[in-house]
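In case you want the letters, here they are:
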Amino acid sequence: MAEQKPPKKPRGTARLIDNSCIACGARCQSACPVDAVEMNEKGEPIIDFGKCIGCAKCVKACPVTALEMFFTLEEKQVLAELKKLQEQAGAPPVAVEISDEEAQLRQKLAAYQGVWVFVEQTGGEAAKVSWELLWAGGLLARDLNVELCAVVVGDQVGHLCDEAFAYGAQKVYLVDAPVFKHYRTASYLEAVSYLVGKYQPEIILMGATGLGRDLAGAVATRLQTGLTADCTGLAIDEKRNLLQTRPAFGGNIMATIVCDHYRPQMSTVRPHVMSMPEHMPGATGEIVRVDLPLREEELLIRVLQVISDKQGEQIDIAGAEFIISGGRGMMGKENFAMLQELANEVGGVVGASRSAVDAGWMPADRQVGQTGKTVRPKVYIACGISGAIQHLVGMQDSDLIIAINRDKDAPIFQVATYGLVGDLFQIIPAITRRVRELKQAKGQ
Ligand SMILES: Cc1cc2nc3c(=O)[nH]c(=O)nc-3n(C[C@H](O)[C@H](O)[C@H](O)COP(=O)(O)OP(=O)(O)OC[C@H]3O[C@@H](n4cnc5c(N)ncnc54)[C@H](O)[C@@H]3O)c2cc1C
């Protein structure tokens, strides 16, 4: 009787996990050998299931595990059948020899477990980037099958534990004492290093804010471990290492950095780079209260007074929903008044490219891009901005991008939803006039 052939192993098809894509720049599309991946206007992949051959190359290329292999019920049954056949055949385990050095390293690294997010707060109010990091950390914790933990340090900050649970943390390490009322590098360094020494996390994420950059650098130096600043993508490799992707060489390439010999692996991520997680009020978890024997007298720096640098109304372009940015094409500081006029009509704020900031036409806190702010508004209008990669990384995740440029080949048009080729000095006043007419017609 002819021997029955085992069924063919199904390969499945790639699928996008909802709300996971960070529009990293079409790495999945480049990885696909059969052109089965198209990108939509948001920079998210659309997979042609008819063409997909299930090679999983796009899944491996994704820096944030936003793609997965999907198997139908029938395919899952075949996979289970094959597994059973393999077990019955008693396939011998493959012995892999590793050196003593490698064995020691593995043992050292395995002592560290869990993903931590440092919750940055000022006066008891958390920085939004901390919750965005809980979203990113949640994906990493899921892939590693470990706990997602938040670290809250401050004075009378217990309420932030509930917020951390609501944004997805399963456990919170809480250090709550008057000595931590104001941020000082020395005191917070003591707190975080103490916690790491005691509980040994494998990954720590912090916001790439002034505070986060300062603290992360100090902690990494104290713990003698690696730190990657300004990451734009985070993922886990098959050896459980953190793949930390960030722009390098002036933003011309994306580098993926691995810290494979030391723990914890530390990364900072700028605000608005990661998505906000769903808010689930009432979610609970474990709170681990830690008392540190640190006294005010041991610190060299005293905070005598806190002076806010906010003079009048402070504009935060990072949180704005409508941004009108000007570049070198604005030709002078005085012409930004034209952008402000349009911004006033639509309830927006004015941003700028680095060239405009370097020229002294706009203050540095309005700069969008790699060395400025990362923004994700509903509408971004780029006026007289060429679209250098360092500018694009700061705004390409905007929901709708309108570019105005007289050069039809300007790179900004590659990310624009709508492109207007022409002289901005004619186009912008015309848009402002039209907006006013429409508002008048509606009686606003
Ligand atoms: C390490 C590093 C970090 C950087 N970080 C940033 C950053 O954070 N943000 C940033 O923006 N840049 C950054 N840059 C600079 C970046 O490389 C570009 O030099 C800069 O973005 C260019 O600014 P721009 O588009 O305003 O000027 P240009 O490149 O000079 O473009 C001006 C555009 O205006 C158009 N134009 C001129 N006149 C008109 C008109 N009348 N009507 C319509 N269009 C007109 C032109 O066609 C042109 O496309 C960085 C560079 C480096 C090396």
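Up top is the structure.
Read on for an overview of the structure. (Residues numbered from 1 in each chain as written. Predicted model: local features only at pLDDT ≥ 70, side-chain atom pairs only at ≥ 80, totals over all residues. Heavy atoms only, no water.)

1. Let's talk about the overall build of the protein
Regarding its fold elements, the protein presents 13 helices and 21 strands. C-alpha atoms of the protein, sized along the principal axes, occupy 85 × 70 × 40 Å. Every one of the 444 residues in the protein was classed for burial, and the buried ones make up 45%. A fraction of 64% describes how many contacts in the protein between residues 6 or more apart in sequence connect residues 24 or more apart. As presented, the protein carries roughly 24,100 Å² of accessible surface, and 51% of it is formed by carbon and sulfur atoms. (Helix = DSSP H or I, 4+ residues; strand = E, 2+ residues; numbered from the N terminus. Buried < 20%, exposed > 50% of the residue type's maximum accessible area, 1.4 Å probe, protein only. Contact = heavy atoms within 4.5 Å. Areas by Shrake-Rupley, 256 points an atom, 1.4 Å probe, with all protein chains shown as cover.)

2. Notes on the side chain of Thr228
Take Thr228: it is sitting in strand β11 (residues 227–228). A distance of 3.3 Å separates the side chain of Thr228 from the side chain of Gln244, its partner in a polar contact. Excluding residues within four positions of it along the chain, Thr228 makes contact with Gln244, Arg246, Ile257, Met266, Ser267 and Thr268. (Polar contact = N/O pair within 3.5 Å; in protein donor to acceptor, adjacent residues only side chain to side chain.)

3. So, the sheet that holds strand β12 (residues 233–236)
The strand order β12-β13-β14 describes an open sheet built from three strands, whose pairing is antiparallel. Both outer strands of the open sheet, β12 and β14 (253–257), are each paired with one neighbouring strand and no more. On average, each strand axis in the sheet is tilted by 25 degrees relative to the strand beside it, whichever way the strands run. In this sheet, β14 lies alongside strand β13 (residues 242–248) in antiparallel orientation, the contact comprising five bridges. (Pairing = 2+ DSSP bridges. Axes fitted to C-alpha atoms, helices over the stretch in contact; angles between N-to-C directions.)

4. Brief notes about the pattern of salt bridges
Under the defined criterion, the tally for this structure stands at 20 salt bridges. Note that Arg15 and Glu68 form a salt bridge whose closest N and O atoms lie 2.8 Å from each other. Linking Arg15 in strand β1 (residues 13–16) with Glu68 in strand β4 (residues 67–70), this pair joins segments that are 53 residues apart in sequence. Residue classification places Arg15 among the partly exposed positions, given a relative accessible area of 33%. (Salt bridge = Lys/Arg side-chain N within 4 Å of Asp/Glu carboxyl O.)

5. Comments concerning the site of the ligand
For the ligand, the set of nearby residues contains 26 residues, the closest of which are Arg328, Ser353, Thr371, Ser386 and Asn405. Here Ser355 contributes a side-chain N or O atom positioned 2.8 Å from an oxygen atom of the ligand. Within the contact set of the ligand, an oxygen atom lies 2.8 Å away from a side-chain nitrogen or oxygen of Gln390. Elements with a contribution of two residues or more to the shell around the ligand: α10 (354–358), α11 (389–395) and α13 (424–441). For the shell around the ligand, the per-class residue count stands at five nonpolar, 16 polar and five charged. (Near = heavy atom within 4 Å. Nonpolar A, V, L, I, M, F, W, Y, C, P; charged D, E, K, R; others polar.)

6. Quick look at the sheet that holds strand β15 (residues 265–269)
What the seven strands build is an open sheet, ordered β11-β15-β10-β5-β8-β9-β16; its pairing is parallel. Pairing within the sheet leaves two strands with one partner each, and these edge strands are β11 and β16 (286–289). Where β11 and β15 come together, two bridges link them in parallel fashion. Bridged to Leu227 within β15 is Met266. Helix α6 (residues 159–166) contacts β8 (148–154), β9 (171–176) and β16 of the sheet and is inclined by roughly 160 degrees relative to β9. Relative to strand β5 (residues 115–119), helix α7 (residues 185–199) is tilted by about 165 degrees, and along the sheet it contacts β5, β8, β9, β10 (203–207) and β16.

7. Quick look at the packing of helix α9 (residues 336–346) against α13
Where α9 meets α13, the axes come as close as 10 Å, and the angle between the chain directions of the two elements is 25 degrees. Relative to α13, α9 is oriented roughly parallel. You can see that α9 and α13 cross each other, and the crossing is left-handed. Here Met338, Leu339, Glu341, Leu342, Glu345 and Val346 of α9 come into contact with α13, specifically with Leu424, Phe425, Ile428, Pro429, Ile431, Thr432, Val435, Arg436 and Lys439. Here the residues of the contact of α9 with α13 sort into 10 nonpolar, one polar and four charged. (Parallel < 35°, antiparallel > 145°, perpendicular 65-115°, else oblique. Left-handed = near helix turned anticlockwise from the far one by under 90°.)

Function-wise, these values are silent; they only describe arrangement.
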